[in-house]
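An overview of the molecular structure
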Amino acid sequence: MVLKAYKFRLYPTGDQIRYMDQIFGSVRFVYNWGLDARSGNWDMIETMRYSWGGDLKTCDMEMVAQMRFWGLKDKSKEGYPKACGLKELSSELTHTVQKEKPWLTEVPNKPLRYALRNLDAAYKNFFRRVKNGETPGYPAFKSRKGNQSFQFQGENVRLDEVTGLVTLHKALGPMDVRLHRRIDGTIKTTTVSKTKSGKYYISFQVEDGRELPLPKPIRNTIGLDVGLNTFVTTSGGEKIDGISPFRESEKRLAVLQRRASRKQKGSQNWKKAMRKVALCHEKIANQRRDFQHKLSRRLVDENDLIAVEDLNVRGMVKNHHLAKSISDAAWSEFSRQLEYKATWAGKTFVKIDRWEPTSKQCSSCGFKNGDMPLSVREWDCPQCGVHHDRDINAAVNIREAGINRLHTNAI
Ligand SMILES: [Zn+2]
């Protein structure tokens with residue numbers, strides 16, 4: 001079964017906005033309270049043991065040192081409960097916190113429970129990545145200034161596709177939603193979010209009830225290489241630019257940011273200018289998402305096997321280069337899109353180990369060249385004499401590695 005996401009713009013009334021702001025605030029409070037309790041109180045080994053399902057063997061002193069590095073302190077003397085798993089926090093919320101803070105009972109209870117579940121998921125994800133040898137950021141506190149969200153279970157949600165009204169909770173009442181796609185399947189989870197510029201969205205996670213298609217026979221294959229300026233280079237020789245589609249919007253963003261910086265901080269004019277900055281940020285993010293969705297759709301439609309580099313491999317060196325880390329983030333989102341679109345279409349998606357010598361090896365004869373600095377964009381193979389474009393050659397090698405992986409059944 002496949003989970004799909006649908007996202008629509010929401011148009012709440014003034015009363016609904018006020019009530020939703022109260023829910024956002026309560027959810028944020030519960031999340032931050034849980035995070036504080038979990039990261040503060042009990043000793044690190046307990047925290048790790050819980051998150052790894054009691055498997056202490058995997059937890060070594062190096063991890064403990066890392067936990068210290070993330071600033072985990074022993075606050076057990078300050079009256080936090082000893083254990084702080086999802087169950088303990090949930091019961092603590094009902095029996096203590098909601099009694100001490102009655103305003104937490106003025107909002108629906110479900111979103112508060114979801115906040116604790118999301119926190120638990122954030123921890124599980126964090127520890128999984130630590131175990132893989134990555135250096136993820138420690139789960140962060142939610143800020144009043146960032147994007148806001150809360151969640152409801154699917155079965156409580158009533159969506160009328162004819163009138164375009166959605167009801168999440170009786171106290172909130174029916175809300176106007178701009179539906180632009182038909183929802184196909186059963187709603188499992190509903191998320192309401194508010195962007196920094198003050199727009200509201202609702203997204204549904206929907207189970208479509210269909211089985212995944214059988215794998216399609218492999219005829220067309222493609223390898224993709226990622227770069228800084230060229231977003232993607234294909235084994236077919238196509239170079240897809242990842243910067244210039246957004247250059248105009250980014251120029252506009254710089255202008256807006258300059259304008260905002262000239263206003264007096266906190267003034268009405270400053271607030272107006274900051275809202276424009278936030279709107280422009282969102283516009284660029286939407287353009288980028290749209291660009292990636294169209295590109296991943298096309299690549300999956302045109303090919304039966306798609307091979308890419310795995311950027312999240314164990315022991316990857318921490319990168320301090322800003323442009324590089326942004327392009328890595330864009331790439332991991334793009335890779336995620338390729339993967340799920342390929343899976344839905346019965347196509348084959350392969351991730352290749354990053355440390356295979358894809359850029360140094362000649363894709364015609366297999367000769368392994370010595371170290372090549374990134375500035376070398378083209379080279380001639382000393383063995384067979386073929387002239388290579390560095391990125392296209394790498395993409396061809398990635399495709400070959402993908403096909404090999406398929407033949408050895410090691411996917
Ligand atoms: Zn060669």
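As shown above, the structure is provided for reference.
Calculation notes
- Residues numbered from 1 in each chain as written.
- Predicted model: local features only at pLDDT ≥ 70, side-chain atom pairs only at ≥ 80, totals over all residues.
- Pairing = 2+ DSSP bridges.
- Helix = DSSP H or I, 4+ residues; strand = E, 2+ residues; numbered from the N terminus.
- Axes fitted to C-alpha atoms, helices over the stretch in contact; angles between N-to-C directions.
- Buried ≥ 20, exposed ≤ 12 C-beta atoms within 10 Å, placed from the backbone.
- Parallel < 35°, antiparallel > 145°, perpendicular 65-115°, else oblique.
- Left-handed = near helix turned anticlockwise from the far one by under 90°.
- Contact = placed C-beta atoms within 7 Å.
- Nonpolar A, V, L, I, M, F, W, Y, C, P; charged D, E, K, R; others polar.
- Expected span 1.5 Å × (residues − 1).
- Bend = angle between axes of the 7 residues up to and from the residue.

Before going further, it helps to examine the sheet that holds strand β6 (residues 186-194). Note on sheets: strands pair through backbone hydrogen bonds, and any given pair is parallel or antiparallel. Spatially, seven strands are ordered β2-β6-β7-β1-β5-β4-β3 in an open sheet, and the strand pairing comes out antiparallel. Pairing within the sheet leaves two strands with one partner each, and these edge strands are β2 (148-153) and β3 (158-160). Going from strand to strand, the sheet's axes swing by 30° on average, the running direction of each strand aside. Of the strand pairs in this sheet, β6 and strand β7 (residues 200-207) are connected by eight bridges, and their pairing is antiparallel. Bridging across to β7, Lys194 finds its partner in Tyr200.

Side chains Tyr200, Ile202, Phe204 and Val206 of β7 all project onto a buried face; the interleaved residues Tyr201, Ser203, Gln205 and Glu207 project onto a face where none is buried. Looking at chain direction, strand β1 (residues 3-11) and β7 are connected through eight bridges and run antiparallel. For Leu10, the partnering residue across the bridge sits in β7 and is Tyr200. In textbook terms, the turn of a hairpin is the stretch between consecutive antiparallel strands, and for β6 and β7 this stretch comprises five residues, one of which, Gly198, has a positive phi near 90°.

Let us look at the packing of helix α6 (residues 247-262) against helix α7 (residues 268-302). Pairs of packed helices are described in terms of their axes, by the angle between the two and the distance that separates them. Close contact between α6 and α7 brings their axes to 9 Å; oriented N to C, the two are set at 165°. If you check the angle between α6 and α7, you find them roughly antiparallel. Relative to α7, the crossing made by α6 is left-handed. Residues Ser249, Glu250, Arg252, Leu253, Leu256, Gln257, Arg259 and Ala260 of α6 form the contact with α7, whose participating residues are Trp270, Ala273, Met274, Lys276, Val277, Cys280, His281, Lys283, Ile284 and Gln287. Looking at side-chain class alone, the contact of α6 with α7 contains nine nonpolar, four polar and five charged residues.

What follows concerns helix α4 (residues 86-100). In this model α4 runs 20 Å from its N-terminal to its C-terminal C-alpha over 15 residues, within 8% of the 21 Å that 1.5 Å per residue would give. Remark: the principal bend of α4, roughly 45°, maps to Leu93.

Here is the key point about a regular strand: its side chains alternate between the two faces of the sheet. Bridge count for β1 against strand β5 (residues 174-178) is three bridges, and the pairing is antiparallel. Along β5, the bridge assignment pairs Tyr11 with Asp176. Note that strand β4 (residues 165-167) and β5 share three bridges and pair antiparallel. Paired with Thr167 across the bridge in β5 is Pro174. The turn joining β4 and β5, which pair antiparallel and follow one another in sequence, is formed by six residues; a positive phi near 75° is taken by Gly173.

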